[in-house]
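Report on the structure
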Amino acid sequence: MIKFLDLQEINRPYYEAMERISSEVIRSGWYILGERVREFENKFAKFCGVDYCIGVGNGLDALSLILKAMDFEKGSEILVPANTYIATVLAITEAGYRPILIEPDSATFNIDSTLMEHQITSRTKAILVVHLYGRCCDMEAINGIAKKHGLKVIEDCAQAHGAMTLGKRVGNLSDAAAFSFYPGKNLGAFGDAGAVTTSDQALAQRVSILRNYGSEIKYHNLIKGVNSRLDEFQAALLSHKLDFLDQENAKREQLAEYYLTHIKNAKVELPERSNRGANVWHLFVVRVKDRAGFIEYMKESGIETMIHYPIPIHNQEAYKELAHLKLPITEKIHQEVVSLPMGGHLSIDDLSYIVSKINSY
Ligand SMILES: *Cc1c(COP(=O)(O)O)cnc(C)c1O
């Protein structure tokens with residue numbers, strides 16, 4: 001069986017370092033928001049090219065803390081892609097704002113910047129973009145529109161750690177960005193973890209206060225905050241793994257290139273190539289009309305696949321208020337996408353087998 005994702009294999013090269021670091025943390029007697037968190041924050045800010053990084057509990061909190069820190073009026077409208085993981089939209093409603101779902105470009109799966117302007121009203125305050133599957137959005141167009149209309153831009157970088165466009169890393173292409181270090185992400189922790197990156201000092205300070213009960217000095221609460229802190233274990237383990245992120249992303253690119261060059265089957269539509277580094281291939285997503293048949297065939301061939309994502313947000317039980325929306329591009333994407341195995345657990349031999357099966361489908 002070729003697994004879709006195998007965290008044991010992916011983390012195997014790190015076992016010794018992780019065990020040593022964990023033991024150091026245990027013996028240090030300090031477990032939350034300490035020296036190791038500060039060290040990781042500085043290192044990750046430098047990696048992204050921003051002035052500040054604030055470690056938080058997870059990716060959803062990173063998004064909602066940015067939105068809360070921006071402190072728009074309740075009911076403000078936030079433009080967001082209609083096809084994303086539900087966390088992106090949950091963060092908007094959690095902060096008390098209204099998500100305005102925008103159709104994606106069917107070639108890149110990312111928000112279609114040409115469809116944004118006519119959705120902007122006097123209540124629109126920000127554009128929240130997602131570098132979906134690891135591919136950078138068209139940030140030049142998006143930042144241009146935002147500037148013209150006086151909007152903030154926020155990046156959801158949960159799937160795109162290390163990706164580069166316009167000579168910058170994601171996380172440094174907007175007013176503020178959110179990262180998730182959920183174990184299966186390109187930079188994965190050993191539990192939940194997340195971070196906010198920004199070069200806006202006031203915003204950084206507000207997020208940093210919000211994540212810790214709204215206080216800077218213990219028991220002095222300036223605002224109504226939450227508890228979403230990064231712990232010393234995750235921070236120290238992430239600091240170590242960060243040194244290998246570019247290398248791991250390069251391996252993903254090599255695997256993606258293999259799929260792109262060798263899959264030849266008219267029934268399987270491949271993703272577009274992009275500039276070097278502008279896609280870190282968190283997922284390798286193809287489109288197949290008879291998706292159920294394809295998945296069954298792959299399973300019989302001993303290959304695990306996944307669907308990202310099976311149900312669009314506006315058709316989810318949790319978002320009944322969005323059920324009236326007609327988003328044909330998003331709906332079609334959700335019916336056809338299949339994610340092939342991708343990640344450091346795979347060898348070219350594995351891919352050669354997967355490709356041979358796909359080509360004879
Ligand atoms: C994983 C993910 C999140 C949420 O991250 P968590 O750490 O699981 O809260 C947000 N947005 C996108 C696009 C994601 O893939």
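Since the structure is predicted, the reported quantities are computational estimates derived from the model, not experimental observations. Along each chain, numbering runs from 1 in the same order as the chain's sequence is written. In keeping with the model being predicted, local features are shown solely for residues with a pLDDT of at least 70 and side-chain atom pairs are shown and tallied solely at 80 or more, while totals for entire chains, interfaces and linings include all residues. Derived side-chain values reflect all non-hydrogen atoms in the structure, with water molecules and hydrogen atoms excluded from consideration.

**Observations regarding the site of the ligand**
Quick note on the threshold: One heavy atom within 4 Å of a molecule or strand makes the whole residue count as near it. Throughout this description, a polar contact denotes any pair of N or O atoms lying within 3.5 Å of each other; where both atoms belong to protein, one of them has to be capable of donating a hydrogen while the other can accept it, and for residues adjacent in sequence the pair is counted only when both atoms sit in side chains. The accessible surface values rely on the Shrake-Rupley method and a 1.4 Å probe; as for residues, cover is taken only from the protein chains in view. Only protein atoms enter the 1 Å grid used here. Points where a 1.4 Å probe fits but cannot escape make up a cavity, open sets with protein on both sides within 12 Å along at least five of seven lines make up a pocket, and a residue lines them when an atom lies within 4 Å of a point. More than half of a molecule's atoms within 2 Å of the grid points is what it takes for that molecule to sit in a cavity or pocket. By the criteria applied, helices consist of DSSP H or I runs no shorter than four residues and strands consist of E runs no shorter than two, each listed in order from the N terminus.
Taken together, the residues surrounding the ligand are Asn-58, Gly-59, Leu-60, Tyr-85, Ala-87, Thr-88, Val-130, Asp-156, Ala-158, Gln-159, Ser-180 and Lys-185. In this structure, Gly-59 approaches the ligand through a main-chain N or O atom, which is 2.8 Å from an oxygen atom. Measuring from an oxygen atom of the ligand, one finds a backbone N or O atom of Leu-60 at 2.9 Å. Calculation on the ligand without its partners gives an accessible area of 380 Å², and the protein chains cover 91% of this total. When atom positions are compared with the pocket grids, the ligand is found to occupy the largest pocket. Listed by contribution, the elements that provide at least two residues to the shell around the ligand are α4 (59-70) and α5 (86-94).

**Regarding the layout of surface pockets**
In this approach a probe as big as a water molecule rolls over the atoms, and the regions it shows empty are the leftover space. Using the following cut-off: Grid points are joined across faces, edges and corners, and a volume is the space filled by probe spheres set on the points. Gly is placed with the polar residues, together with every amino acid not listed as nonpolar (Ala, Val, Leu, Ile, Met, Phe, Trp, Tyr, Cys and Pro) or charged (Asp, Glu, Lys and Arg).
The space that makes up the largest pocket amounts to roughly 600 Å³. For the largest pocket, the lining is made up of 29 residues, of which Tyr-85, Ser-180, Tyr-182, Lys-185 and Tyr-309 are closest to its centre. Secondary-structure elements contributing two or more residues to the lining of the largest pocket are α4, α5 and β8 (176-180). Taken as a whole, the second largest pocket spans an internal volume of roughly 440 Å³. Residue lining of the second largest pocket: 16 residues in total, with Leu-33, Asn-212, Ser-215, Lys-218 and Arg-229 positioned closest to the centre. Those elements that place two or more of their residues in the lining of the second largest pocket are α7 (201-210) and β10 (215-217). In terms of residue count, the dominant contributor to the lining of the second largest pocket is β10 (3 residues). Each residue belonging to the lining of the second largest pocket can be placed in one class, and the counts come to 8 nonpolar, 4 polar and 4 charged.

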